[in-house]
Amino acid sequence: MLDVKLLRANFSEVKEKLNNRNEDISDLDRFQELDQKRRDTIQEVEELKNKRNSVSQEISVLKREKKDADALIKEMKEVSTKVKSLDDILRSVDEELNQILLSIPNIPHESAPIGLDEEDNVEIRTWGNIPQFEFEEKPHWDIATELGILDFERASKVTGSRFVFYKGQGARLERALINFMMDLHQDENGYEEVLPPYMVNRVSMTGTGQLPKFEEDAFKIREEDYFLIPTAEVPVTNLHRDEIMDGNELPKAYTAYSACFRSEAGSAGRDTRGLIRQHQFNKVELVRFVKPEESYDQLELLTSHAEKVLQLLKLPYRVLNMCTGDLGFTAAKKYDIEVWIPSNNTYREISSCSNFESFQARRANIRFKRDMKGKTEFVHTLNGSGLAIGRTVAAILENYQQADGSVVIPEVLRPYMGGKEVIK
RNA sequence: GGAGGAGUACCCAAGUCCGGCUGAAGGGAUCGGUCUUGAAAACCGACAGGCGGGUUAAACCGCGCGGGGGUUCGAAUCCCUCCUCCUCCGCCA
């Protein structure tokens, strides 16, 4: 959610910046009109309430002195009727205004390159060497199926398409990655571990920006107004919803493992094979609550934490600065980290590190105080994958595959794999 | 799932039956001060925070007793509804 005062004061400037996004912002035009109407109505109704309050006191005194108050009561009855109708108007204006504000995307940061779509994202750096195979390399689903560590067919039977069974060393590898990453972020990078609920309510989904616009991308629990989380970002960011944090405790960093559930309406036909695009996948998430002035340094730090995972796994990757058209709804700036996937002969997204500035904090009402006397301010929130586990498995299987169909286990994972060096 | 009970400011807590100088008593914690070599204790003082409107900034005004509606001239107090927590029963990993 944008700062209403900023929007009010710099309307055309904000609109211009939002126009660089690949989003529909047509709702914006009604903002000014409604905002003015809201303020006019508030002034009118509060004046009447003020009158009602003071006269009610007078009535109270008259009653106590057993004097006649009928005239005043009659007059206040009319005032109250008027108040009620103005309150009704205000309520509906507020409602509409709020819907508009919730549907406006974040303002891109000046360091986000202006562009239309993924073609315009800017590669910032690459790391590692792309492997050269002296045999015909296979896609991970073939490697895994032959090794008997992933079973897509039975998952289709048991559930449906875009689900998978991990089996044997595959399941062990997935679990090893989760533990390896969680340990790294907790022990080396200073994050506090949390294990969140996998379902959240509507308010939480609205707080981080998944709702109201992207409801069809989420799985909805039928009996309750709950949603399966598309990422641990949702429950973890909402940990501090409606709270005033202590400025001395910032930056506050959490890491969370969770399963993630995405319906992804509209993605049918893309990445239909393998682990790249599943309805359910595992992810280790990083979330940071920080002071506004430090949030861009914090984004670099967060991104470095995600990159560190790939470096330790010795997987080649690159980092992209996402252009304004490809930023997504909530981010002011976003780095995508893409890992090399040999079967695709390209890099694929494995982490997305974003600075939301105060966009989520306003929606979720997450504030802080610098000290006891200070004013409350909105925190800045950031998050990033650290990393998506399924895609990491895919990357390992493909980058570490051997001519005989076996897969070498990255060294850092071996302690988590019972000392095993190869999956065969 | 069934039956009861409860949500008041940072924490505890009075007030709710019987609506009106309670636009929220009291205590604790916290902050400031007196005293002290320093600290503790005692005593004195400050403590509704927050959001919205308004203003260059103030002043000022509105809203706040779990959330949202309603009744009334007037609601912490009456009515409806939802949420959360506690106790007991049932079921269950």
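Reading the values: the criteria
Residues numbered from 1 in each chain as written. Chains lettered and ligands numbered in written order. Predicted model: local features only at pLDDT ≥ 70, side-chain atom pairs only at ≥ 80, totals over all residues. Heavy atoms only, no water. Near = heavy atom within 4 Å. Polar contact = N/O pair within 3.5 Å; in protein donor to acceptor, adjacent residues only side chain to side chain. Helix = DSSP H or I, 4+ residues; strand = E, 2+ residues; numbered from the N terminus. Salt bridge = Lys/Arg side-chain N within 4 Å of Asp/Glu carboxyl O. Pairing = 2+ DSSP bridges. Axes fitted to C-alpha atoms, helices over the stretch in contact; angles between N-to-C directions. Contact = heavy atoms within 4.5 Å. 1 Å grid on protein atoms, 1.4 Å probe; cavity = no way out; pocket = protein on both sides within 12 Å on 5 of 7 lines; lining within 4 Å. Points joined across faces, edges and corners; volume = space filled by probe spheres on them. Buried < 20%, exposed > 50% of the residue type's maximum accessible area, 1.4 Å probe, protein only. Arc of directions from axis to C-beta.

A. Summary view of the protein's contact with RNA strand B. Asn50, Ser60, Ser80, Lys84 and Thr376 are the nearest of the 26 residues found near RNA strand B. Each atom of RNA strand B within 4 Å of the protein belongs either to a base or to sugar and phosphate, the latter forming 80%. The separation between a phosphate oxygen of RNA strand B and a polar side-chain atom of Arg52 is 3.4 Å. Between Arg91 and RNA strand B, the recorded distance is 3.0 Å, taken from a side-chain N or O atom to a phosphate oxygen. Of all the elements in the fold, those that place two or more residues in the surface near RNA strand B are α3 (31-64), α4 (70-103) and β13 (366-369). Sorting elements by how many residues they give to the surface near RNA strand B places α3 first, with 15 residues.

B. Layout of the pattern of salt bridges. Overall, the coordinates contain 30 salt bridges when judged by the stated rule. Here Asp94 ties to Arg38 by a salt bridge, and the two come within 2.9 Å at their closest N and O atoms. Of the two residues, Asp94 sits in helix α4 while Arg38 sits in helix α3, which places them 56 residues apart along the sequence. Several salt bridges converge on common partners, so that one network encompasses Arg202, Glu215, Lys220 and Asp225.

C. A look at the sheet that holds strand β11 (residues 333-341). The eight strands are arranged β1-β10-β11-β12-β15-β9-β8-β4 in an open sheet whose pairing can be described as mixed. Of all the strands in the sheet, just β1 (122-127) and β4 (192-194) have a single pairing partner and so form its edges. Each adjacent strand pair in this sheet contributes to an overall mean axis angle of 25 degrees, direction not counted. Bridge analysis of strand β8 (residues 252-261) against strand β9 (residues 280-290) gives 10 bridges, and the strand direction is antiparallel. Pairing of Ala259 across the sheet is with Asn282, part of β9. Contacts from helix α10 (residues 295-313) reach β1, β9, β10 (317-321), β11, β12 (346-355) and β15 (380-388) within the one sheet, and its direction differs from that of β15 by about 10 degrees.

D. Representation of the layout of surface pockets. Taken as a whole, the second largest pocket encloses approximately 430 Å³ of empty space. Of all elements in the fold, only α2 (11-18) and α11 (359-364) reach the threshold of two or more residues within the lining of the second largest pocket. Element by element, the count of residues in the lining of the second largest pocket is highest for α2, at three residues.

E. Summary view of helix α5 (residues 140-147). When we look at burial in α5, the residues that qualify are His140, Trp141, Ile143, Ala144 and Leu147. An end-on view of α5 places all buried positions within 160 degrees of arc, on one side of the element. In this structure, the buried side of α5 is in contact with β2 (150-151), α6 (152-158), α12 (389-399), β16 (407-408) and β17 (422-423). Among the residues trailing α5, Gly148 stands out with phi positive, at a value near 75 degrees.

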